[in-house]
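Structural overview for review
Single-letter residue listing:
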Amino acid sequence: MIFLFTDYGLEGPYLGQVRTVLYSLAPEEKVINLISDAPRNNPGASAYLLASLTQNIPDGSTLFCVVDPGVGSEKDKPVIMYINKCWYVGPNNGLFDIVARQDKQLECWEITSIPEKLSTTFHGRDLYAPVCAAIVNNAPIPGDKINWKQRHDMPEDLSEIIYIDHFGNCMTGMRGNTVSKNIIFKIGNKKISNA
């Protein structure tokens, strides 16, 4: 399966264009939209959400992960990462920093096979979707193996709200098993008990 993790939003043409490329190159694969409204232009906050939402992804899955405010720049190289028996494809901009900590045996490749037709602002459609299709089609990895290093020194737990769904539920960057039942959360002037 291919899982989509993006900040593209549900409105507009972007998810449809990515899904069209995936369907044309890997028509037998199921494509599941994991989230399309990850914290916009914020790979740091999205990194915590990615680690949380991918805990139960089936082994062998491929994850199209794009939250990329620097798209088109030379700063954030495109990568393929093999983490916890799943393939992650996207920009090396910090988005994979938290999930990568969960696997000491991870492997990483910098994507070096760049298509001739590559938009300067839509690498999701032109680069990452074809790479995801190549992975699920068992094609050779289109890149060079590298030693991966975290981009940012992010804490294990982030004591901030990083996502609010349309029901009003708030998600933080804290892991549930690290929060005491006696803790009181303070949001603005409101206090909320964890009990």
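Structure shown above.
Reference entry: report on the structure contained in this document. As the structure is a prediction and not an experimental result, all values here were calculated from the model. (Residues numbered from 1 in each chain as written. Predicted model: local features only at pLDDT ≥ 70, side-chain atom pairs only at ≥ 80, totals over all residues. Heavy atoms only, no water.)

A look at the packing of helix 1 (residues 14-25) against helix 4 (residues 123-136)
A packed helix pair is summarised by two numbers, namely the angle formed by the two axes and the spacing between the axes. Note the following rule: Angles shown run from 0 to 180 degrees and are taken between the N-to-C directions of axes, each axis being a line fitted to C-alpha atoms and, for helices, limited to the stretch in contact. The helix count covers DSSP runs of H or I at least four residues long, the strand count covers runs of E at least two residues long, and both are numbered beginning at the N terminus. By definition, any crossing whose near helix is turned counterclockwise from its far helix by less than a right angle is left-handed, and any crossing with a clockwise turn is right-handed. We call two residues in contact whenever any of their non-hydrogen atoms come within 4.5 Å of each other. Only Asp, Glu, Lys and Arg are considered charged in this grouping, and only Ala, Val, Leu, Ile, Met, Phe, Trp, Tyr, Cys and Pro are considered nonpolar; every other residue, Gly among them, is considered polar.
Remark: helix 1 packs on helix 4, axes separated minimally by 9 Å, with the N-to-C direction vectors making an angle of 35°. Here helix 1 and helix 4 pass one another in a crossing that is right-handed. Here Gln17, Val18, Val21, Leu22 and Leu25 of helix 1 lie close against helix 4, whose contacting residues are Gly124, Arg125, Ala129, Pro130, Cys132 and Ala133. Per-class residue counts for the contact of helix 1 with helix 4 are eight nonpolar, two polar and one charged.

What about the nonpolar core?
Heads up, the condition is: Here, the term nonpolar core denotes a set of buried Ala, Val, Leu, Ile, Met, Phe, Trp, Tyr and Cys residues that are joined through side-chain atoms within 4.5 Å. Relative accessible area decides the class of each residue, using a 1.4 Å probe on protein chains only: under 20% of the type maximum gives buried, over 50% gives exposed, and in between gives partly exposed.
Core analysis: the largest hydrophobic core is formed by 30 residues, its most contacted members being Phe5, Leu50, Cys65, Met81, Tyr88 and Phe96. Within the residue set of this core, elements represented by two or more residues are strand 1 (2-6), helix 2 (43-53), strand 3 (62-66), strand 4 (78-83), strand 5 (86-91), helix 3 (97-100) and strand 8 (158-164). With six residues, helix 2 is the largest single contributor of residues to this core. Contacts of Cys65, omitting those with residues within four sequence positions, involve Phe5, Leu50, Tyr88, Val89, Gly90, Pro91, Leu95 and Phe96. Tyr8, Ala26, Ala129 and Val131 belong to the second-largest nonpolar core, a separate cluster that totals 24 residues.

So, a nonpolar patch on the surface
To be explicit about the condition: Surface patches are defined over residues having more than 30% relative accessible area and no salt bridge, joining like charges when they lie within 9 Å and nonpolar side chains (Val, Leu, Ile, Met, Phe, Trp, Tyr) when within 5 Å. Accessible surface area values rest on a Shrake-Rupley calculation with a 1.4 Å probe, where residue burial reflects the displayed protein chains alone. Should a side-chain nitrogen of Lys or Arg be within 4 Å of a carboxyl oxygen of Asp or Glu, the pair is scored as a salt bridge.
Residues Ile161, Ile164, Ile187 and Ile192 make up a contiguous nonpolar surface patch of roughly 330 Å² in combined accessible area. Take Ile192: it is sitting in strand 11 (residues 190-193). Overall, the relative accessible area of 40% leaves Ile192 in the partly exposed class.

Details of the pattern of salt bridges
Taken as a whole, this structure holds two salt bridges when the rule is applied. As a salt-bridge pair, Lys145 and Glu107 come within 2.3 Å of each other at their nearest N and O atoms. A residue pair is termed long-range when its members are at least 10 positions apart, and Lys145 in strand 7 (residues 143-146) and Glu107 in strand 6 (residues 107-111) qualify at 38 residues. Owing to a relative accessible area of 51%, Lys145 belongs among the exposed residues under this scheme.

Some thoughts on the sheet that holds strand 5
In a beta sheet, neighbouring strands pair by backbone hydrogen bonds and run either parallel or antiparallel. Worth spelling out the cut-off: Strands qualify as paired when DSSP identifies two bridges or more between them.
As summarised here, the arrangement of the seven strands in space is 2-1-3-5-4-6-7, forming an open sheet in which the pairing is mixed. The open sheet is flanked by strand 2 (31-35) and strand 7, the only strands paired with a single partner. In this sheet, adjacent strand axes meet at a mean angle of 25° when their direction is disregarded. Of the pairings in the sheet, the one linking strand 4 to strand 6 comprises four bridges and is antiparallel in character. Bridge pairing links Tyr82 to Glu107 in strand 6.

Some details on helix 4
Put simply, the test is: Each residue after the first adds 1.5 Å to the expected span of a helix.
An ideal rise of 1.5 Å per residue puts 20 Å on 14 residues; helix 4 measures up with 19 Å between its terminal C-alpha atoms. In terms of residue burial, helix 4 counts as a mostly covered element, since twelve of its 14 residues are buried. Within the sequence span of helix 4, burial applies to His123, Gly124, Asp126, Leu127, Tyr128, Ala129, Val131, Cys132, Ala133, Ala134, Ile135 and Val136. On its buried face, helix 4 sits against strand 1, helix 1, strand 3, strand 4, strand 5 and strand 6. Looking one or two residues beyond helix 4, the residue adopting positive phi is Asn138, at roughly 60°.

Comments concerning the packing of aromatic side chains
Operational definition: When two rings of Phe, Tyr or Trp (its six-membered ring) have centres within 6.5 Å they constitute a pair, described as stacked for plane angles under 30 degrees, edge-to-face for angles over 60, and tilted for the intermediate range.
Summed over all chains, the structure comprises seven aromatic pairs. With 5.5 Å between their ring centres and 85° between their planes, Tyr14 and Phe122 make a pair best called edge-to-face. Here the residue Tyr14 occupies a position in helix 1, and Phe122 occupies one in the loop between strand 6 and helix 4, the gap between them amounting to 108 residues. A relative accessible area of 40% means that Tyr14 is categorised as partly exposed. Classification of Phe122 as buried rests on a relative accessible area of 8%. A centroid spacing of 5.6 Å and a plane angle of 40° characterise the contact between Trp87 and Trp109, whose relative ring orientation is tilted. Taken together, the positions of Trp87 in strand 5 and Trp109 in strand 6 put the pair 22 residues apart, joining distant regions of the chain.

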